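Below, each chain spelled out in residue letters.
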Amino acid sequence: MPISEKAQRAWKAGTAVVTAWTAWYGLFHIDYGSHEHCFSDIQRWYRRKVDELLGIDLRAAKQIAADRERENEGALTQQSISGEGGSNR
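Calculation rules
- Residues numbered from 1 in each chain as written.
- Predicted model: local features only at pLDDT ≥ 70, side-chain atom pairs only at ≥ 80, totals over all residues.
- Heavy atoms only, no water.
- pLDDT = per-residue confidence, 0-100.
- Helix = DSSP H or I, 4+ residues; strand = E, 2+ residues; numbered from the N terminus.
- Axes fitted to C-alpha atoms, helices over the stretch in contact; angles between N-to-C directions.
- Parallel < 35°, antiparallel > 145°, perpendicular 65-115°, else oblique.
- Contact = heavy atoms within 4.5 Å.
- Nonpolar A, V, L, I, M, F, W, Y, C, P; charged D, E, K, R; others polar.
- Patch = residues over 30% accessible without salt bridge, like charges linked within 9 Å, V, L, I, M, F, W, Y side chains within 5 Å.
- Areas by Shrake-Rupley, 256 points an atom, 1.4 Å probe, with all protein chains shown as cover.
- Salt bridge = Lys/Arg side-chain N within 4 Å of Asp/Glu carboxyl O.
- Buried < 20%, exposed > 50% of the residue type's maximum accessible area, 1.4 Å probe, protein only.

### Here's the deal with the confidence of the model for the protein chain
Here comes step 1: When pLDDT is averaged across the protein chain, the result is 86; 91% of the residues are at 70 or more.
Here comes step 2: When the elements of the protein chain are averaged for pLDDT, helix 3 (residues 58–82) gives the smallest value, 80, and helix 1 (residues 5–28) the largest, 96.

### Focus: the packing of helix 1 against helix 2 (residues 40–54)
Here comes step 1: Between helix 1 and helix 2, whose axes approach to 8 Å, the crossing angle comes to 95°. Here helix 1 is positioned roughly perpendicular relative to helix 2, judged by the angle of their axes. In this structure, helix 1 uses Trp24, Gly26, Leu27 and Phe28 to contact helix 2, whose residues at the interface are Ile42, Gln43, Tyr46 and Arg47.
Here comes step 2: Residues of the contact of helix 1 with helix 2, tallied by class, amount to five nonpolar, two polar and one charged.

### Some remarks on a nonpolar patch on the surface
Here comes step 1: On the surface, a nonpolar cluster with roughly 480 Å² of combined accessible area is contributed by Trp21, Trp24, Tyr25, Ile30 and Tyr32.
Here comes step 2: Here Tyr32 shows up in the loop between helix 1 and helix 2.
Here comes step 3: Residue classification places Tyr32 among the partly exposed residues on the basis of a relative accessible area of 32%.

What follows is the structure, given as structure tokens:
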């Protein structure tokens, strides 16, 4: 029993959507390892664009992390100088 034309159209549309989603996911989101591969450039471009869309500035985030690291090192140095390191019982 063949399926109706309406069902065939729905099946074809569903297949097209699933195929397009699979290609998009494979191109932009699959992690192929730490080495360079044929999708590396386009994945970097895509991630930059998503970060820009979300308002994420990677350089600013790295600068903030470095500043916090320096503050923590300074606090540890200050504690060791003043003897508040917690190691004296």
